[in-house]
Amino acid sequence: MKKSYQTCLTNFKGIIDAYRDLKKIMLRDTYRSVIAKENILALNIFVNRADRDFPWQLKDNMAMARPDIRIVVAIDFGTTFSGFAYSNKINPETITNDTVIFFRPEQAGVFKTNTVLAYDDNLQLVAWGYPALAQEPPKKRKALAKPQPKPVELFKLHLAGIKDEDKPPLPPSLDAKKVITDYLHEMNKLILETLNSRWPGIRYPSQVRFVVSVPAEWHHEAKAIMRECMYSAGYLEHRQSENLEFTTEPEAAAIYCMKTLNEHHLSVGSSFLIVDCGGGTVDLTTRTLLPGMKLGEITERSGDLCGSSYVDREFLKFLGRKLGFAAMKKLKENHYGQMQYLVQQFCSRVKFSFNGNPNEYTPKELDIERICPALMQYVTGQAKDQMEESEWLIELDFQIVKEMFDPVVKKIIDLIQRQCASTERRCAAMFLVGGFSESQYLQTQIRRHFATQIPIIAVPKHPIAAIERGALEYGLNMDIVQTRVLKFCYGVEVSAKWDKHDPPDRRTPSGRIFRFHRLALRGVEVAVDQKFYYTAGPVVPNQTDMTFNIYITPDNNAKYCDEDGMKMLGKMKIDLPDPHRGKNRLVEFTLTFGTMEVKATAVNKRSGQIYESTFVLEF
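Residues numbered from 1 in each chain as written. Predicted model: local features only at pLDDT ≥ 70, side-chain atom pairs only at ≥ 80, totals over all residues. Heavy atoms only, no water.

Colleague: Talk me through the overall build of the protein; I want residue IDs and the actual numbers.
Modeller: Scanning the protein from N- to C-terminus turns up 15 helices and 29 strands. Counting every position in the protein, which comprises 619 residues, the buried fraction comes to 52%. Long-range pairs, those at least 24 residues apart, make up 70% of the contacts in the protein with a sequence separation of at least 6. Total accessible area on the protein stands at roughly 29600 Å², and carbon and sulfur atoms take up 51% of it. (Helix = DSSP H or I, 4+ residues; strand = E, 2+ residues; numbered from the N terminus. Buried < 20%, exposed > 50% of the residue type's maximum accessible area, 1.4 Å probe, protein only. Contact = heavy atoms within 4.5 Å. Areas by Shrake-Rupley, 256 points an atom, 1.4 Å probe, with all protein chains shown as cover.)

And the structure:
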């Protein structure tokens, strides 16, 4: 029985390989008719579904079982708020965990908790989420003498590729990887407790697929760190576990918004824009609705650091201009908890309710002596005299608050304008999601700028939960995304014969030159699991191994691997046995663009030996 089953598997793999060969022949054909393209797409769909849905794969002549996934958990690890959603694959109802009830039972219906940690003087974690937020400074001297926990927040920004001076502070001896792992570890305990209460006996984490949403602008280094943190926090049994999937935040939001398309009378072929306004980043993606409720991507995703926390930064800049930047710097260095509480008061009393209508705005006062007394000792000179005269009250009138919002709002509007200009297709709708999308002022400004260009500008129900719910839908049905647009050009470094037209300084002593060989171009719409091929052979007859150096670049016209913007994605070294055969030992190299990762495969065409390696895809 085992032998016949193995034979069945081998025959099935042979059929798939035959279809792949046919597809390669069609792709090489110079004739590019509509019928040919449709046939290629049909072959893509067949091969992709066979690879994904067939429950066994042959690898190194062995049948390997895929993970037995029973539960899907989506994690939205946000800059300011985080949460998770979960579902059983047998009965896939979407359940958004009410994480805040765990901390604040009176706030039922709030889907996320704060992305904040608190450490004691020994750098031991004492609280996470809402309880870790800084509290109002104590008034009694005895209470002031007690050591206060050190709050840590906005640490996700350490993965955003910003300048060191712009990164939020971390306690000494703690780095971003440690802090992120600590937060994910605490959330992991809550997830385990939640799943065990609903489905006792589930094998955790081996029977759970985790889907983590990440900003569109994150590079592969940041995603690799997130995978490492997920492993260290106990979500994965090994670092390269297939139980972890990534999706971008705007893609998850697009999947979530698909359910509302019929409410706006959008049909197959309609294109819509997602603007995910979070705490740290704002991410955009333009999608088109395909038959069978599938999604295609029609232009590159985009994003920038202009989320709601950047309004908070404008508030702190305002205080710096009024009280002195040196005073604010000392407050941040010595009393970060009080500064955090000051920002909390600004958010709850001013930012959240600001709608941009001067007739509905009432000037607000912040009492520095009550909510941030440590700041007073650092204010000097004329600023101190003015504050003492005003009894340490800071008034925030309409214009002052508007000027805090406007730089951030302008950046978001510029992002939307560039995204709309990147495609010639008409955008039928724009959906605003994420916590910052609930800002009435932001909504008003976006509608004012784009109402004549985009007929539907809407905020779906529960926009703050859109990412985790969309990521959950993706984890339950990963075929929902059919195409993506590459943000980078992918290729390999090759050794070719140098000729007189090549730069003289690039000629090697052996008369060769190293070039960048393009495999997949930036801006190309690719089907999930689409493959790109390259065949290579040994440079010298007695060569015993071969290395493929894989690079990415934003420039489709790049020629060499040391140009600006070029990054090495990874490398793969393979053996070349039988040196007596000389150069007649070809290797077929393939890049397969999966869901959120790219797989590199090298096959020795003579021996049949297969080498594989997986890298995080730059989406």
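Colleague: So, the nonpolar core: which residues are in play, and what are the values?
Modeller: Most often, soluble globular proteins have nonpolar side chains that are buried together. Ranked by size, the top nonpolar core spans 64 residues in total, and within it Val 275, Leu 375, Leu 396, Ile 412, Ile 416, Met 430 and Ile 446 carry the most contacts. Ranked by residues supplied to this core, first place goes to helix 13 (residues 398–421) with 11 residues. Excluding its chain neighbours within four sequence positions, the residues that come into contact with Ile 446 are Ile 412, Ile 416, Met 430, Leu 432, Ala 451 and Ile 457. Of all hydrophobic cores here, the second largest spans 38 residues; its members include Ile 71, Leu 117, Leu 184 and Leu 244. (Core = buried A, V, L, I, M, F, W, Y, C linked by side-chain atoms within 4.5 Å.)

Colleague: I'd like to hear about helix 7 (residues 249–257), residue by residue, with values.
Modeller: Burial analysis of helix 7 places 9 of its 9 residues in the buried class, the great majority of the element. Every buried residue belonging to helix 7 is among Glu 249, Pro 250, Glu 251, Ala 252, Ala 253, Ala 254, Ile 255, Tyr 256 and Cys 257, and all of these are buried.

Colleague: I'd like to hear about the confidence of the model for the protein, residue by residue, with values.
Modeller: Mean pLDDT over the protein stands at 85; residues scoring 70 or higher make up 84%. Here residues 23–42 is modelled with pLDDT under 50, and outside its nearest four sequence neighbours on either side it reaches 15 contacts, counting other chains as well. Note on residues 100–109: pLDDT under 50 across the span, and 17 contacts to partners over four residues away in sequence or across chains. (pLDDT = per-residue confidence, 0-100.)

Colleague: Outline the sheet that holds strand 8 (residues 125–128), listing residues and values.
Modeller: Taken together, 3 strands build an open sheet; the order of strands is 8-7-9 and the sheet is antiparallel. Either end of the sheet is taken by a strand with one partner, and the two such strands are strand 8 and strand 9 (150–153). Pairs of neighbouring strands in the sheet enclose a mean axial angle of 25°, with direction left out of account. Bridge analysis of strand 7 (residues 116–119) against strand 8 gives 3 bridges, and the strand direction is antiparallel. Looking at the pairing, Leu 117 lines up with Trp 128 of strand 8. (Pairing = 2+ DSSP bridges. Axes fitted to C-alpha atoms, helices over the stretch in contact; angles between N-to-C directions.)

Colleague: Give a description of the pairing of strand 18 (residues 427–433) that names residues and reports values.
Modeller: Of all 7 residues that make up strand 18, 7 are buried, and the element is covered over most of its length. The sheet contact formed by strand 12 (residues 271–277) and strand 18 spans 6 bridges and is parallel. Bridging from a neighbouring strand, Ser 271 pairs with Cys 427 of strand 18. When strand 18 meets strand 19 (residues 456–458), the two strands line up parallel, connected through 3 bridges. Looking across to strand 19, one finds that Phe 431 is bridged to Ala 458.

Colleague: Account for the pairing of strand 3 (residues 71–77), with residues named and values stated.
Modeller: Within strand 3, 7 of the 7 residues are buried, which leaves it mostly tucked inside the rest of the structure. Here strand 3 shows a buried face lined by Ile 71, Val 73, Ile 75 and Phe 77 and a second buried face lined by Val 72, Ala 74 and Asp 76. Taken together, the 7 bridges between strand 3 and strand 4 (residues 81–88) define a ladder with antiparallel strand orientation. Each bridged residue has a counterpart across the sheet, and for Asp 76 the counterpart in strand 4 is Gly 83. Remark: 3 residues form the turn of the hairpin made by strand 3 and strand 4, two consecutive strands paired antiparallel. Here 5 bridges tie strand 3 to strand 10 (residues 208–214), and the two strands are oriented parallel to one another. Following the sheet pairing, Val 73 is matched in strand 10 by Phe 210.

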